[in-house]
Amino acid sequence: MLELVTTRDNPMIDPAMHVWGWEIPVYLFLGGWVAGSMVLAGWFMRRGREPGDRCVCDVLPWISLVLISLGMGALFLDLEHKLYVWRMYLTLQPSSPMSWGGWILVLVYPVLALGALRSLPGDWLTSWPALARLAAALREPAATRTLSNASILTGIALGIYTGVLLSSLGARPLWASAALGPLFLVSGLSTGAAFAHVIARNPVEQAALLRADNAFLAVELALIGLFLVGLTTASAVHVNAAALLLGGPYTAVFWVFVVGLGIVLPLAIQTLMASHRIPHTLVAPALVMLGGLALRFVIVSAGQYSHWISP
Amino acid sequence: MARFGMVIDTRQCVGCMDCVVACKTENDVPDGFCRDWINQRLEGTMPDLRLTITSERCNHCDRPPCVSCCPTGASHVHEFGRIVLVDHEKCIGCKACLASCPYGARFIHPDGYADKCTFCIHRVEKGELPACVAVCPTYAMHFGDLDDPGSELNRLVASRRHFALKPDAGTQPRIFYLE
Amino acid sequence: MNRISRRRFLKIAGLGAGAAAVAAGTSGGLRAMARKPAGGETRVVPTFCDICFWKCNAHAHVRDGRLWKITGHPDDPLSRGRLCPRGTGGIGAYFDPDRLRAPLMRHKARGEETWVEVTWDEALGHIAERMQKIKAEHGPEAMALFSHGIGGTFLKHTLKAYGSPNIAAPSFAQCRGPRDVGFELTYGEGIGSPERTDIANARCLVLIGSHLGENMHNTQVQEFADAIAAGAAIIVADPRFSVAASKAQHYLPVKPGSDLALLLAWMNVIVTEGLYDREYVEQHGFGFEHFMAEVATRTPEWAYPETGIAPELIRETARVMACHRPATLVHPGRRTTWYGDDAQRGRAIALLNALLGSWGRKGGFYYPSSMDVPNYPYPPYPESARGKVDNPDHRYPFASETITTGIREATLTGQPYPVKGWLVYATNLIHAIPNEAETIRAIQQLDLMVVVDVIPSEIAGWADVVLPETTYLERYEELNVELFREPFVALRQPVVPAPHDQKPNWWIARELALKLGLGAYYPWTDIEEYLDHRLKGAGSSLAEMKQRGLIKGPPAPLYFADGITPEFATPSGKIEFYSTQLEAAGFDPVPRYQRPEAGPPGSFRLLFGRAPVHSFSRTQSNPILRDAMDENELWVNANVGARLGLASGDYVRLRNQDGVLSNRIKARVTEAIRPECVYMVHGFGHTSRGLRSAYGLGASDAQLITRYATDPLMGGTGANVNFVTIEQGA
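Residues numbered from 1 in each chain as written. Chains lettered and ligands numbered in written order. Predicted model: local features only at pLDDT ≥ 70, side-chain atom pairs only at ≥ 80, totals over all residues. Heavy atoms only, no water.

**Considering the overall build of chain A**
1) Next: When helices and strands are tallied, chain A shows 10 helices and 1 strand.
2) Next: Reading chain A from its N end, one meets helices and strands in the order β-α-α-α-α-α-α-α-α-α-α.
3) Next: Here chain A has a C-alpha radius of gyration of 21 Å; the compact-globule value for 311 residues is 19 Å, and the two agree.
4) Next: Considered along the principal axes of its C-alpha atoms, chain A spans approximately 75 × 55 × 25 Å.
5) Next: Per-residue burial over chain A gives 51% buried out of 311 residues.
6) Next: By element, 72% of the accessible surface of chain A is carried by carbon and sulfur atoms, the whole surface being about 13400 Å².
7) Next: Averaging the coordinates of the 16 positive side-chain charges in chain A and doing the same for the 14 negative ones gives two points 9 Å apart. (Helix = DSSP H or I, 4+ residues; strand = E, 2+ residues; numbered from the N terminus. Rg over C-alpha atoms; globule rule 2.2 N^0.38 Å. Buried < 20%, exposed > 50% of the residue type's maximum accessible area, 1.4 Å probe, protein only. Areas by Shrake-Rupley, 256 points an atom, 1.4 Å probe, with all protein chains shown as cover. Lys, Arg positive; Asp, Glu negative; His and termini not counted. Charge placed at Lys NZ, Arg CZ, Asp CG, Glu CD.)

What follows is the structure, given as structure tokens:
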């Protein structure tokens, strides 16, 4: 029999680590959604358009600006030393994914702003001739391609860095997977695609977004599989961590809400929707988005709970 | 350049918590928090029992994940003795360092910054021992320079079986426990 | 035994405007007491600690006018510059938000009252008036003083001047009395405190239930560490696998109550195998042949069913002890009031040491010395015609100190004469003396009940008058002229001023004496005058001592080999292997074992002990020490736990054989304790409402100790005779 006793009882650390509450999963969800939206906006920005043809790339940047600000608000609320937040922006710490992320978030704003500006017709900006000129310039093909690349690359960076951040915290063995960054990115893409599919007014875009979402969901499923394979074939510490999702306390919420209701069910529904076997419904995209939120909550919570079990 | 560490003799340690209390008063550690603590590990069945008592704190690792994850550079390796410290004025309280430590050695001070054992650098700079080492009534705790081949620390680890905590976490801790 | 049907609470905190106004208005108060880090001037003041009774010498550090920390005095022979965790956390006594602030008087029924804050003049005036009345109606002997620690010195002086000889400390009948009497009967001398045990030099150390390392008497633990480092052979007999047991090469999980059988079996082996120190025994021993005959039948095989220890292990450990003699120390223990046969068990330990020749030898028991510091000249105390009340007709013929429970009994029965007033100093009788119902019934017989304390302890809740004392950090004290391996004299002096209206014991004792018309016994007006006078008589001065803190005396011989003459104040003048005086009194001249009574089926014997961060029941509200440990735990055997479906962390209550139900306590289900007993650390489960920070945390062993087995030799109250059942889902 092994008995372990400790005298330590520090807040947020004992008996199990819980330093990040709802703020971080909410940010991760919103950040992922914005990341997906930026990639999709960048993508759809490049297609040819008739006058009056509406593009998701006109709407997504505006919505993303609001979402990313809410997300950053959540991040700010999480800080324990809030008055010193400006310290983030006096330095870049190359070994810290959070430092990279701070600057990526700084970069996100001008990219989104330009995308938003680009969507404004000239007659809306008559009072600001300089902005009208800039908006028009952004609609030129060369500028559009540049902005598209920027939006896609920034979106990928935004979507992937959070997973990299978590996976760099080796002390939380559940997060020790190179699949975590791509998983968060693909989840953000699927959330973004689900939402964009609902708001898209152009039928071509609608259909494309539906098929894209299905692809993202399938890849997400595969990445979850790889994530679990990686952990369960690593060391005892990592097998023990993975067990949280494979029989341990997080099993039900993970398989029911994240995988079942968040990926498999909507993928099935949307596959039927894509082949027109069933009418379009909001239920599937809603499940995808809720599943994305659930994924963040489960990974953040279970990950903190996991610990380095060897003495 | 010095590289400070500790050697703690588990044979001598009785787990009395003098180190915990001394640290608390020396460093004004707030109520409800501790920078160091006692762990007891009991193995076996009555009467064949083995009790290992360890006085633990931040290990001031040679590969400190708390330093690499810090987005502002608040968490850093100090030049003097390679002690791992937190610059309170740079810390934003993001808690990545708390999550990055496999030992759970850090906590958030009520004033908002990340806090932990500092090897009593304010004492060591003056040539004194850290408070926990100075108080230990069973003389179990030893502090010194691991880079000094003649130091007591190196003599102890060379002559006795010893272990470090969670060596497979890859952090290269600088506190060694004599069996 | 009756059980208390209602809790009576100390309502100091609940008092309305009066207390609140005083608390807010008092200069300083809590805000001034708030600890904040600062970084400036540090002043170091030498003093000696008062968290327990060891009196380690200390340096108190004050930084920017605020108490910062306490470290050991580097020249201190007791602490060697390192305090135990309680002393290190001593500043918490100053910052304790629950501490008493002003004198209080009850104005309703005793025990369930509301308090009125009064002035010192009113409080002491009332006490003096009542004491004079008691003296006139019943005689001065009807006033008793229960006192523990050096702070009681001046109160004892006042009481003796008043004319009462009834002064007792629980440390005799509730603690170390049995071992001291056992050694007195064998060697003519007791063990003392600090114990005269040469642990540092022992090549073999035997601990019977002694849990050094959890029991934190500083010097003992430091020497224990020295012995471990030197590779001493350590043998521990304990039903619980203590920290000390974890350091032992030989751990014997004895059945509770069977230690005397084990000791006799060890002596059997050592005698029959001829392993004892023949020369020593021949030279210094008396009655050895009778002793040999008596232990001849106490074989390891006989001891096996009693103790649960295999005969081979008993033999092996006996041989280990013998092989290292005379540097083999069988530790006499400290709190030895267990089963009622404790003085005889103490004597058995004394005899085992005698066989090994460790008394007066290096690695065994040394001869301590003290400095010669002249006393202050006082008029002689009045003689008491009636003598002490605690031990009528020398019922307990070998009691060498006053028996607290004897005074209680006299208070209850009025025999041999009534006791009508109690003065209690620094001892929480409700937790210290078994069967609190008896204590409370006795208190109800009194005309006057006064408690002097630093915190609102449970006993203070039963007082008519509560007098708040300063902590040791705020006061001068009687000089500590220590009897130890290295003699020294130490000074306690104020480090910081008292934060409220608390006063030191010397002031209280003197003011009370003046009000009693006993000014002749206090010719000095200020304690500094008193201290300076005594110190000048010893070749020093108060000024010098305030700066140095302690002065060491010349080293004196420790062992026979150094020149100590082997003299034994026994009837035979030798070490009594056979005690004729015990025989004459009708007791076993050589200890005999009797199995203790078993408890009701399905119950567990309640054992209790110490934690290194707490002292008795007096530190649970110290914020620093409470932070280290705020509740005790109930150790339950792992198999028992499995059978009951109990896991570590579950809260349970205990019900004892008389139906008393404890407060909830957290279970620790562990391999490290035998199945027929449970164990907890003493001093928790506070019921005093004034102890807001400690109230209701953990359970009180004392509350469950409603039965005790009285030692017929010396009146000690064996407390390990209560049995509990576990009630889950608390």
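Moving on from the coordinates now.
**As for the pairing of strand β23 (residues 665-670) of chain C**
Regular strands have side chains that alternate between both faces of the sheet.
All names here are of chain C.
1) Next: For β23, the tally of buried residues reaches 5 of 6 residues, placing the bulk of the element in the interior.
2) Next: Examined bridge by bridge, strand β21 (residues 633-637) and β23 share 5 bridges and lie parallel to one another. Bridging from a neighbouring strand, E633 pairs with K666 of β23.
3) Next: Pairing between strand β22 (residues 651-656) and β23: 2 bridges, direction antiparallel. Within the sheet, the bridge partner assigned to Y651 lies in β23 and is K666. (Pairing = 2+ DSSP bridges.)

**Quick word on the confidence of the model for chain C**
All names here are of chain C.
1) Next: For chain C, the mean per-residue pLDDT works out to 94, and 95% of the residues sit at or above 70.
2) Next: Note on residues 1-38: pLDDT under 50 across the span, and 71 contacts to partners over four residues away in sequence or across chains.
3) Next: In the predicted complex, the global pTM is 0.94; the interface-specific ipTM is 0.97. (pLDDT = per-residue confidence, 0-100. Contact = heavy atoms within 4.5 Å.)

**Some words on helix α1 (residues 23-45) of chain A**
1) Next: Its 23 residues give α1(A) an end-to-end C-alpha distance of 32 Å, which sits within 8% of 33 Å, the value for a rise of 1.5 Å per residue.
2) Next: With 21 of its 23 residues buried, α1(A) lies for the most part within the structure. (Expected span 1.5 Å × (residues − 1).)

**Some details on unusual backbone geometry**
All names here are of chain C.
1) Next: The residue after S193, namely P194, is reached through a cis peptide bond having omega 0°.
2) Next: In this structure, P194 sits in the loop between α7 (170-187) and β8 (204-208).
3) Next: Backbone torsion omega between R325 and P326 reads 5°, so that peptide bond is classified as cis.
4) Next: Positionally, P326 belongs in the loop between α14 (311-323) and β12 (328-330).
5) Next: Here the phi dihedral of K55 falls at roughly 65°; this positive angle occurs in a residue that is not glycine.
6) Next: Along the chain, K55 turns up in the loop between β1 (42-48) and β2 (57-63).
7) Next: With a relative accessible area of 17%, K55 lands in the buried category.

**Quick word on the interface of chain A and chain B**
1) Next: Counting residues at the interface gives 39 residues for chain A, matched by 47 residues for chain B.
2) Next: Looking only at chain A, the three residues that lose the most surface to chain B are R8(A), H81(A) and W308(A), adding up to 16% of its buried area.
3) Next: The tally of links from chain A across to chain B stands at 2 salt bridges.
4) Next: K95(B) is the salt-bridge partner of E80(A), the closest N and O atoms lying 3.1 Å from each other. (Buried area = accessible area lost by both parts, 1.4 Å probe. Salt bridge = Lys/Arg side-chain N within 4 Å of Asp/Glu carboxyl O.)

**Here's the deal with the packing of helix α9 (residues 251-274) of chain A against helix α10 (residues 283-305) of chain A**
All names here are of chain A.
1) Next: Taken N-terminus to C-terminus, the directions of α9 and α10 make an angle of 155°; their axes are 8 Å apart at the nearest point. If you check the angle between α9 and α10, you find them roughly antiparallel. Crossing geometry of α9 relative to α10 is assigned as left-handed. Judged by residue contacts, V253, F254, F257, V258, L261, G262, L265, P266, I269, Q270 and M273 of α9 engage A284, P285, L287, V288, G291, A294, L295 and V298 from α10.
2) Next: Looking at side-chain class alone, the contact of α9 with α10 contains 16 nonpolar, 3 polar and no charged residues. (Axes fitted to C-alpha atoms, helices over the stretch in contact; angles between N-to-C directions. Parallel < 35°, antiparallel > 145°, perpendicular 65-115°, else oblique. Left-handed = near helix turned anticlockwise from the far one by under 90°. Nonpolar A, V, L, I, M, F, W, Y, C, P; charged D, E, K, R; others polar.)

**Regarding the pairing of strand β6 (residues 143-147) of chain C**
Residues and elements named next belong to chain C.
1) Next: Here β6 lies mainly inside the structure; 5 of its 5 residues are buried.
2) Next: Because side chains alternate across β6, one face comprises the buried residues M143, L145 and S147, and the other comprises A144 and F146, equally buried.
3) Next: By the bridge criterion, 5 bridges tie β6 to strand β13 (residues 421-425) in an arrangement that is parallel. Across the sheet, the residue bridging to F146 is V424, located in β13.
4) Next: Looking at chain direction, β6 and strand β7 (residues 167-168) are connected through 2 bridges and run parallel. The residue of β7 that forms the bridge with L145 is I167.
5) Next: Read from β6 through helix α6 (residues 153-162) to β7, the crossover connection turns out right-handed. (Right-handed = clockwise from strand over helix to strand, strands pointing away.)

**Quick look at the side chain of D14(A)**
All names here are of chain A.
1) Next: Within the secondary structure, D14 sits in the loop between β1 (2-6) and α1.
2) Next: Accessibility expressed as a relative area gives 12% for D14, which makes it buried.
3) Next: Of the polar contacts made by the side chain of D14, one reaches the backbone nitrogen of N10; its length is 2.7 Å.
4) Next: Not counting residues up to four positions away in its chain, the partners in contact with D14 are R8 and D9. (Polar contact = N/O pair within 3.5 Å; in protein donor to acceptor, adjacent residues only side chain to side chain.)

**Section: the sheet that holds β1(A)**
1) Next: On the basis of which strands lie adjacent, the open sheet formed by 3 strands has the order β1(A)-β2(B)-β3(B) and antiparallel pairing. Looking at which strands have only one partner, the edges of the open sheet turn out to be β1 of chain A together with β3 (48-56) of chain B. Pairwise comparison of adjacent strand axes, ignoring direction, gives a mean angle of 15° for this sheet.

**A few points about the environment of W506(C)**
Residues and elements named next belong to chain C.
1) Next: Position of W506 relative to the elements: it lies in helix α19 (residues 505-515).
2) Next: Judged by its relative accessible area of 9%, W506 is buried.
3) Next: In this structure, the C-alpha to C-alpha distance between W506 and T725, residues 219 residues apart in sequence, is 46 Å.
4) Next: When sequence neighbours within four positions are dropped, the list of residues in contact with W506 reads F154, Y476, W524, T525, D526 and I527.

**What to know about the nonpolar core**
Residues and elements named next belong to chain C.
1) Next: Ranked by size, the top nonpolar core spans 162 residues in total, and within it W266, F291 and W359 carry the most contacts.
2) Next: Looking at this core, the element that brings in the most residues is helix α10 (residues 259-272), giving 11 residues.
3) Next: If sequence neighbours within four positions are ignored, F291 has contacts with M267, V271, L351, L355, F577 and V590. (Core = buried A, V, L, I, M, F, W, Y, C linked by side-chain atoms within 4.5 Å.)

**Overview of the packing of aromatic side chains**
1) Next: As enumerated under the stated definition, the model contains 41 aromatic pairs over all chains in all.
2) Next: Between F119(B) and F143(B), the ring centres sit 5.2 Å apart and the planes meet at 90°, which makes this aromatic pair edge-to-face. Of this pair, F119(B) sits in the loop between β7 (114-115) and α4 (121-124) while F143(B) sits in strand β8 (residues 141-145), and the two are 24 residues apart along the sequence. Residues F119(B) and F143(B) agree in their burial class; the two are buried.
3) Next: On the basis of an interplanar angle of 45° and a centroid distance of 6.4 Å, the ring pair of Y187(C) and F568(C) is categorised as tilted. Highlighted residues: Y187(C) in helix α7 and F568(C) in the loop between β18 (550-552) and β19 (575-576), separated in sequence by 381 residues. (Phe/Tyr/Trp six-rings, centres within 6.5 Å; stacked < 30°, edge-to-face > 60°.)

**Regarding the side chain of D658(C)**
1) Next: Considering the arrangement of structural elements, one finds D658(C) in the loop between β22 and β23.
2) Next: Within the local environment of D658(C), its side chain forms a polar contact with the side chain of R707(C), the two groups lying 2.6 Å apart.

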